[in-house]
Each structure stands twice: as C-alpha cells, then as structure tokens.
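# Commentary on secondary and tertiary structure
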Amino acid sequence: MPTEPSRIAMWSGPRNISTAMMRAWSNRPDTAVTDEPLYAHYLLTTGADHPGRDEVIAACETDWRKVVADLTGPVPGGKPIWYQKHMSHHLLPDLDRVWINGLRNCFLIRDPIRVLVSLARVTPNPGLDDTGLPQQVELFHAVRRFTGATPPVVDAADILADPRRALAALCAALGVPFDGAMLSWPPGPRPTDGVWASHWYAAVEQSTGFVPDRSPPPTHAEIPVHLRPLYQQCLPLYDELHRHRLLG
C-alpha cells in the first residue's frame, strides 16, 4: 500500500525566519516546498500595496479554490513530504478552512518587538492583522479542537539558538524523520521561491544556514511611537502561542 504523503503547513507571520525555514526543508531530498501560495489571492482581494504587487498577481494563481485544489492534490515530484510555507494573514476570513484539516499544521512565531521593528521598515503603518498573530491564534485553536492535540509551535529564537534541537523536535512532532541536511544549504535563489523574492529575500539568498541572533532584542523605545499600541495588542497573542512552544 502506498503511504500517504506528509503535507506540512507552516503558518507564520511576516519578518520571521519563515524563508530560512523553507530553505531548511527544501534542502531535504525527500521534500517538496511551496512558497506562500495564497499571496496573490490576498493581494488581489485586499488591495494591499506590497512591493511587486502587480507582478505577483500576474504570475500566480489568484483563485483560492484552485490553490487549495493544488495544495491537497499530488505532491510535486512525487516526494513523500510537502512543506507549504504560509503567511497566516493570507488566509482571509471568507476562505473555507476545511481543507486545512487534511494538513499537518504547525506554527512559527517570533517576539513581536523584533517583528514590528523589522516590519516598520517596509510597512510603515501595519495593523494587527498584518502581523498574522490573530490568524495564527485562531488557526491554532481550530486545529487543536479538530485533532484533540496541541499542534507544534516553534519560536524563531529557539531555532536560531539551537537549530538541530529545535528542528529535530519539530520533525518528531510532525511524525517525519529529522535530516541533518536541514541545518545548512547552498546560497542563492531557488526556483521554488515566489516571484516576490527580489523584494524580500536578499538576506536569505546570501545565507547558508541559521545564524544565531546574538544581538539583544530591540527595546520598547526602538519601536516607532505610532506602533507601540500595536505592540501591546500583539504581546498577549504571542504569549498565548509561546506557552505551547515545543522547547518550552
């Protein structure tokens, strides 16, 4: 009997280490990866003014139903594992969620003070939904109710501090073997990168692995004044997910 492939949906937010995580999984010979498949639908529906918006809409599928049909269909290359990198805020409220129950869902979080200081450089006036945190919390509880189990949550800080331990724990929680190939990768772009890579992926294209973040976290004073109320909104949502992280 053929084994059903493992379709892994990693739900993240912006300015996280989500692309580096995609690099880690794509370096496994047994894994196919997909980069933010709902992005074009999100841009077309919301009108969000992101870098390369028109290019993304022109190049990618904008019908979420067709995207879902693809994500739940045959795995590219017939690989046994399919890692799907999702931005949780791309899952707009009107999208059906039933298909998500057929995936192995996990969550990547990051201290919102780091997220907001970074996000402010490219999105001057983000709202709470732009952080992806409310959607992550919603999805986390929905998956928990459906499965009766706590889905895996990994924090960027834990991954950067000890990639082998964090990724091994994530793989174990997802029921797939850990592969040391996830710890390093060749520099450069990938054909699986979204067409938006030229606007967002400069740093990861130069990377060859996870680099420990030795810099102290930004202070509250470093958050732009107009984003400090947003930080206070983000913090309890982040803390709610952080309590469930694998290495807690």
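A few points on the structure. (Residues numbered from 1 in each chain as written. Predicted model: local features only at pLDDT ≥ 70, side-chain atom pairs only at ≥ 80, totals over all residues. Heavy atoms only, no water.)

### A short note on the overall build of the protein
Per the secondary structure count, the protein includes 11 helices and five strands. By the compact-globule yardstick of 18 Å for 248 residues, the protein fits well, its C-alpha radius of gyration being 17 Å. A principal-axis box enclosing the C-alpha atoms of the protein has dimensions of 60 × 40 × 40 Å. For the protein, buried positions account for 50% of its 248 residues. (Helix = DSSP H or I, 4+ residues; strand = E, 2+ residues; numbered from the N terminus. Rg over C-alpha atoms; globule rule 2.2 N^0.38 Å. Buried < 20%, exposed > 50% of the residue type's maximum accessible area, 1.4 Å probe, protein only.)

### Focus: the nonpolar core
As a rule of thumb, nonpolar side chains are buried together in soluble globular proteins. By size, the foremost hydrophobic cluster in this structure holds 74 residues, and its most contacted members are Ile17, Met21, Trp25, Trp99 and Phe210. Here this core takes six residues from helix α11 (residues 228-242), the largest share from any one element. When residues no more than four places from it in sequence are discounted, the contact partners of Trp99 are Trp11, Leu38, Val68, Leu71, Thr72, His86 and Leu91. (Core = buried A, V, L, I, M, F, W, Y, C linked by side-chain atoms within 4.5 Å. Contact = heavy atoms within 4.5 Å.)

### Concerning the side chain of Arg114
Topologically, Arg114 is positioned in helix α5 (residues 112-119). Judged by relative accessible area, which is 17%, Arg114 ranks as buried. Residues within four places of Arg114 in sequence aside, it is in contact with Asp213, Ser215, Pro216, Pro217 and Pro218.

### Digging into the sheet that holds strand β5 (residues 153-155)
Each strand in a sheet pairs with its neighbour through backbone hydrogen bonds, running either in the same direction (parallel) or in the opposite one (antiparallel). In spatial order, the strands read β2-β3-β1-β4-β5; together these five strands make up an open sheet with parallel pairing. Where the open sheet ends on each side, the last strands, each with one partner, are β2 (31-35) and β5. On average, each strand axis in the sheet is inclined to that of its neighbour by 20°, with strand direction left out of account. Relative to strand β4 (residues 104-109), strand β1 (residues 6-12) runs parallel, the two being bridged by four bridges. If you follow Trp11 over to β4, its bridge partner there is Phe107. Across the sheet, helix α6 (residues 133-147) is in contact with β1, β4 and β5; its angle to β4 comes to roughly 145°. (Pairing = 2+ DSSP bridges. Axes fitted to C-alpha atoms, helices over the stretch in contact; angles between N-to-C directions.)

### Quick look at the pairing of β1
Successive side chains on a regular strand alternate, one facing one side of the sheet and the next facing the other. Here β1 lies mainly inside the structure; seven of its seven residues are buried. Along β1, one buried face is formed by Ser6, Ile8, Met10 and Ser12 and the opposite face, lined by Arg7, Ala9 and Trp11, is buried too. Pairing analysis gives seven bridges linking β1 to strand β3 (residues 81-87), with the strands arranged parallel. Residue pairing across strands places Ile8 opposite Tyr83, the latter belonging to β3.

### Some details on helix α2 (residues 39-46)
Taken as a whole, α2 has its buried residues at Tyr39, Ala40, His41, Tyr42 and Leu43. Summarising the contacts, the buried residues of α2 are in contact with α3 (53-59), α4 (64-71) and α9 (197-200). One or two residues past the end of α2 sits Gly47, with phi positive at roughly 75°.

### Comments concerning the pattern of salt bridges
One pass over the full model with this rule turns up eight salt bridges. One salt bridge in this structure joins Asp193 and Arg23, with 2.8 Å as the shortest N-O distance. Taken as a pair, Asp193 in the loop between α8 (163-174) and α9 and Arg23 in helix α1 (residues 18-26) lie far apart in primary sequence, 170 residues in all. Among the salt bridges present, the one from Lys85 reaches Asp35, with a minimum N-O distance of 3.1 Å. Highlighted residues: Lys85 in strand β3 and Asp35 in strand β2, separated in sequence by 50 residues. With relative accessibility at 1%, the residue Lys85 sits in the buried group. (Salt bridge = Lys/Arg side-chain N within 4 Å of Asp/Glu carboxyl O.)

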